[in-house]
Amino acid sequence: MSKKNAIYIAAFSVCAGLLLGAFFEKNAAAAKLASTTPTATVYRISGNNTYSNEFTKLNEVLTLINTFYVDTINAGKVTEDILPQVLHDLDPHSVYIPADEVEEANEDLNGSFSGIGVSFSILNDTITIVDVIAGGPSEKLGILPGDRIVQVGDSAFVGEWLNNTKVMKTLRGEKGTKVKIGILRHGYDGILQFEITRGDIPVNSVDVAYMINDSIGYIKVSRFGANTYTEFVTELNTLEREGCKAYIVDLRGNSGGYLNTAIQMINEFLGPNELIVYTEGKIWPRDDAYADGRGKFSDAKVCVLINEWSASASEIFAGAIQDHDRGWIVGRRSFGKGLVQQPYPLKDGSELRLTIARYYTPSGRCIQKPYAQGEIDAYDEEIVDRFEKGEIFSADSISFADSLKYHTDKGRTVYGAGGIMPDYFVAEDTSYFSDYYKEVLYKGLVYEYAFDYSDDNRSLLGKYHEHEELVSYLHKDGIFDKFKAFASGKGISPKAGELERSKAAIDELLCAYICRNILGDKGFYPVFNQNDQTLQKAVEVICTEVR
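Residues numbered from 1 in each chain as written. Predicted model: local features only at pLDDT ≥ 70, side-chain atom pairs only at ≥ 80, totals over all residues. Heavy atoms only, no water.

The subject of this paragraph is a negative patch on the surface. A cluster of acidic side chains, namely Asp100, Glu101, Glu103, Glu104, Asp108 and Glu174, defines a negative patch on the protein surface. Take Glu174: it is sitting in the loop between α6 (164-171) and β7 (178-184). (Patch = residues over 30% accessible without salt bridge, like charges linked within 9 Å, V, L, I, M, F, W, Y side chains within 5 Å. Areas by Shrake-Rupley, 256 points an atom, 1.4 Å probe, with all protein chains shown as cover. Salt bridge = Lys/Arg side-chain N within 4 Å of Asp/Glu carboxyl O. Lys, Arg positive; Asp, Glu negative; His and termini not counted. Charge placed at Lys NZ, Arg CZ, Asp CG, Glu CD. Helix = DSSP H or I, 4+ residues; strand = E, 2+ residues; numbered from the N terminus.)

Counting across every chain of the model gives 30 salt bridges. A salt bridge links Arg458 to Asp455; the nearest nitrogen and oxygen atoms lie 3.1 Å apart. Taking the relative accessible area as the measure of exposure, Asp455 reaches 8% and is therefore buried. Ionic pairing is found between Glu540 and Lys537, a salt bridge with its closest N-O pair at 3.2 Å. Here Glu540 and its partner Lys537 are both found in helix α19 (residues 533-544), 3 residues apart, which amounts to about one turn of the helix. The class of Glu540 is partly exposed, set by a relative accessible area of 42%. Among the charged side chains, a network of salt bridges with common partners joins Arg333, Lys369, Glu382, Arg386 and Glu391. (Buried < 20%, exposed > 50% of the residue type's maximum accessible area, 1.4 Å probe, protein only.)

With mixed pairing, 6 strands are arranged side by side in an open sheet as β10-β11-β12-β15-β16-β21. A single partner strand is all that each edge strand has here, and the edge strands are β10 (206-211) and β21 (424-425). Here strand β12 (residues 246-250) runs beside strand β15 (residues 301-306); their pairing, made up of 5 bridges, is parallel. Across the sheet, Ala246 pairs through a bridge with Lys301, a residue of β15. (Pairing = 2+ DSSP bridges.)

If you check UniProt for "domain: PDZ" (unreviewed entry), the listed places come out as residues 101-172 in our numbering. The span residues 101-172 shows a helical share of 31% and a strand share of 33%, and its end C-alpha atoms are spaced 13 Å apart. (UniProt positions renumbered as here; feature names shortened; annotations may be inferred.)

Confidence in the prediction for the chain averages 87 pLDDT; 90% of positions are at 70 or higher. In this model, residues 1-50 is a region of pLDDT below 50 whose contacts with residues beyond four sequence positions or in other chains number 150 contacts. (pLDDT = per-residue confidence, 0-100. Contact = heavy atoms within 4.5 Å.)

Once that is clear, we can look at the side chain of Asn307. Inspection of the secondary structure assignment puts Asn307 in the loop between β15 and α9 (313-323). Residue class for Asn307 comes out buried when judged on its relative accessible area of 3%.

Below, the structure written as C-alpha cells:
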C-alpha cells in the first residue's frame, strides 16, 4: 500500500483522546508521541556545570545581541526559537516543550485531566457528542450522546473554522472552573443551556479486554501511562476469572510511555530474576531491571501483536517476551525506538526531554533504528519507505546485517538496530481496497452514517446489550444498502466490481461503529477485530505452537 492509501479515521476526545476510526491503528502522530514520552523519574539540574568554550560562545553572542543590538529584541522569543533547533540537531527524540504545552503533552500519560467528560467528533462543522463518561460532570447534568454543542458562553461555536484543538482548548480547563454550553438535542426544539463545572476525567490506556473463545483472552493497550499497570492487571484478572488460559496483548499503534510501567507489566509474565531490560548512557551506568518472581501469569501462554507504530515501551515489552522465548510476537516490524528520554523541568515551567541513554533487550540488542543527527525528516519518512519498498506486504523485503545478530534463551536468532521483527509476519491486507472504499472512508461517510443511524435509532438499538444481537439486527435492517443509498446521495457510487471487493469490509466497519455508539468499546472491538488477520494468526499460533 502506498502512502496515499494509509487511511486514518480519528475522532478526538475531550475525555480520553478516544479513537473512533482506528482503522490503521495510528497515524504519523504516533511517531511524534514515541519521541516525546518521558520516563517516570524527574531530575532537576543542580550544582555547578562546566560548559565547553563553544557553549560559552553561544551565551556570549546572545548577551551581546541583547545588550548592544540597535533595536529592542524579545529575548524570550529568541530563546524559544533557538532551543528547538538545538535539539533538532541532536537526535530524533530529544525535544523542548514550551511551558504552555507541557500539561497537554503529559495528559495522555498522567492518567487523568480536567474537562467536561465527553467524547466528541466534528460532523458538518458541529461538535457532536459521541459518548458521555460515566460519573463525569456532563453525565451528572443529563447531557446525552448525540447532543450537538452549538454555543460556548454566549457565542455560537460552529463553523468551518472549528477543529479538534480549538474544541479541546475551549472545553478543557482547571478543575472547578465552569463553562457554559448550548446544546441542540434530537427531538427537542430550541437550545438547551448547561453550566458545567469541570472535573477530573480519567484517561484509560487499556482500551478493551474480552474473551475471544473459551480459553483465549484479548487485551488492547494504547499507551504505557501512570495508571496502565493497574488497568492491565485488573483486566488480566477479570479474564482469568472468565476461564482465560492464554493472553493476546495487542500493542499495535502503541507508541510507548513510561519505562517503569512497561517493566511492571512484563514482570507479570516472567519468572524470578529474568532480565527485563537494561539502560546505559554516556554518564548513566548500566541499570538492569529484573523480574521479581511475583508475576501471576508467568505460566500462561502469551502472544504480543505489534506493527510499524509500536514503539519504545511497546518494544521493550515485546523484546523481553521474545528474548526469553516466553511467548510469540505476531504482526509487522516495530518502529525502532531504543533511546531513553529524561524530562528536565525548567524554571519557567517549560520542559526539556533529553535523550540520556539507550535501552537494551535481555539478549543485549538495542532496537533503535539508524539515524543521522539533524536529519529528522528522513528519520520520520522511514516508515513511508517501508511501504514503498514493500515491507508492509512481504517479510522477504526485510534484511538484517549479520553484525546485528543476537540470540534468545533457546538460541533462536533475533536482530537489533531496526525494531522488533515478529516471530510470525502478517502482511497488511488490502484485498478489499477499491476506489469506492477509499472515497467513502477518506470523506468520513462510513463514520458519519453510522453515527447518524445510531442517533436516529437510539431507543430501538438500546435494547440490545450484546454486539452479536445488535449486528444481527443491523443486517436484518439492511444497513449496507441504506449506507449505499446515503453515499449515492453524496455523489459517490461504486463502479463495476467494487462492491464485490469492498462490501464486506464496509459492512463490518459500519456495524463496528454503530456498536461503539451504542455499546462502547466492548461492542466495537469484537466486531472490528473479527476479520483481523494478525489476530487470527495469533489465535492459530497459541492453539498450535508449544514454547
